[in-house]
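Each chain is listed here by its residues.
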Amino acid sequence: MHDVAEVTKESYDSCNANNPITMSTTGPTTITLTSAREYNFICTFGSHCILGQKLSINVSAASVAPSPQPTTPPAPAAPETTPSPAVPATPPPAASPAPTPMTYVVGDSLGWTVPPGGPIAYRTWAMGKTFMVGDILVFNFSNRQHDVAEVTKAEFDSCNISTTTTAPITTGPARITLSSAGENYYICTITQHCSWGQKLAINVTAGTGGSAPAPSSTATPPSGSAPPPSSTVTPPPSSGGLTPSTPSTPTPPPPPPSNSAPSFAVAALPFTFFAVAVALFN
Ligand SMILES: [Cu+2]
């Protein structure tokens, strides 16, 4: 029913299966990535490749140890297997936080269509991608066959478009610049297409480079020269969260294990002061 062929970049782009580099017709197929380069795989059956059964990956030099720490920055400290620290000369297209806007072709070669596998297709496509404000989505579709409309979450979930929805873009390819952070939802408004899976939800993050949301601004030292404008606003850290609410539940809320620790800490405080006092007077 399927096979896997490694092909050239050109054959990958055009779904040409005539001159594969390698070919395997029995599954499961195990392919060892032996060199740092781009690998392109397709299925050569029928229109499978055109429908999206294709995979292009970029293999970087093996400077990272083979086990469970993929997120650690690849420092030059990997002397375990191969003592070759000189490999990572060319910076691969890793996830460096470049501020330049990215252009994403929605669905890649599948384009913007009713995906054969249902809604998981565009969910899978969006998975692992980091969309930033300023990035561009390109929806490739044929005019009159599809369109693209940005909708609300309710409309996305129900595939029901209200009358207040902005008119869809009916001319493909449609280029949409992501202008605001948060959840963005896109569907095709042609009959049933959305419910058949032609829908895309992405999460757009603010594009100013900073990966951390920086909520720790309250930790500024109080002796600063310029008083921050909102310094008086002391955010109550979950004051109304657990303890005072819960009006009339039959069982009292304090869970035994979590309650013992803070009570012990509070009980230990006077003793700590006492110990400090004793230490001072000795
Ligand atoms: Cu459509």
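Structure: see above.
Residues numbered from 1 in each chain as written. Predicted model: local features only at pLDDT ≥ 70, side-chain atom pairs only at ≥ 80, totals over all residues. Heavy atoms only, no water.

Ranked by internal contacts, the top residues of the largest apolar core, which has 20 residues, are W112, F131, L137, F139, Y186, L200 and I202. Residues A149, V151, F156 and C194 belong to the second largest nonpolar core, which totals 7 residues. (Core = buried A, V, L, I, M, F, W, Y, C linked by side-chain atoms within 4.5 Å. Buried < 20%, exposed > 50% of the residue type's maximum accessible area, 1.4 Å probe, protein only.)

Let us look at the coordination of the copper ion. Around the copper ion, the donor atoms from the protein are H146 (ND1), C188 (SG), H193 (ND1) and Q198 (OE1), and they sit 1.9 to 2.2 Å away. The sequence pattern describing where the donors of the copper ion fall on their chain is H-x41-C-x4-H-x4-Q. Of the two residues, C188 is situated in the loop between strand 10 (182–187) and strand 11 (199–205) and Q198 in the loop between strand 10 and strand 11; the sequence distance between them amounts to 10 residues. Since its relative accessible area comes to 1%, C188 is described here as buried. Given a relative accessible area of 0%, Q198 falls into the buried group. (Donors = N, O, S within 2.8 Å, 3.2 Å for Na, K, Ca; no water. Helix = DSSP H or I, 4+ residues; strand = E, 2+ residues; numbered from the N terminus.)

A few words on the state of the cysteines. Summed over all chains, the structure comprises 2 disulfides. Each sulfur in the disulfide pair C159 and C194 lies 2.0 Å from the other. In this structure, the disulfide formed by C159 and C194 twists by about -70° around the S-S bond and is classed as left-handed. Separated by 35 residues along the polypeptide, C159 in the loop between helix 3 (153–158) and strand 9 (174–177) and C194 in the loop between strand 10 and strand 11 bring together distant segments of the chain. For C194, a relative accessible area of 4% puts it in the buried group. Described in terms of the sequence order of its bonded cysteines, the disulfide pattern of the protein is 1-2, 3-4. (Disulfide = S-S within 2.5 Å.)

Let us look at the sheet that holds strand 9. What the 3 strands build is an open sheet, ordered 5-7-9; its pairing is mixed. Two strands bound the open sheet, and with one partner strand each, they are strand 5 (103–105) and strand 9. The sheet shows a mean angle of 20° between the axes of neighbouring strands, taken without regard to direction. (Pairing = 2+ DSSP bridges. Axes fitted to C-alpha atoms, helices over the stretch in contact; angles between N-to-C directions.)

Quick look at the environment of C15 now. Its location among the elements puts C15 in the loop between helix 1 (9–14) and strand 2 (22–24). Spatially, the C-alpha atoms of C15 and C49 are 5.8 Å apart, while their sequence positions differ by 34 residues. Beyond its immediate stretch of four places on either side in the chain, C15 contacts C49, I50 and K54. (Contact = heavy atoms within 4.5 Å.)

For the bond from G27 to P28, the omega torsion is 0°, close enough to zero to count as cis. For the peptide bond that leads from G172 to P173, omega is -5°, which places it in the cis range. By secondary structure assignment, the location of P173 is in the loop between helix 3 and strand 9. Despite not being glycine, C159 has its phi angle at roughly 60°, a positive value. Judged by its relative accessible area of 17%, C159 falls in the buried class.

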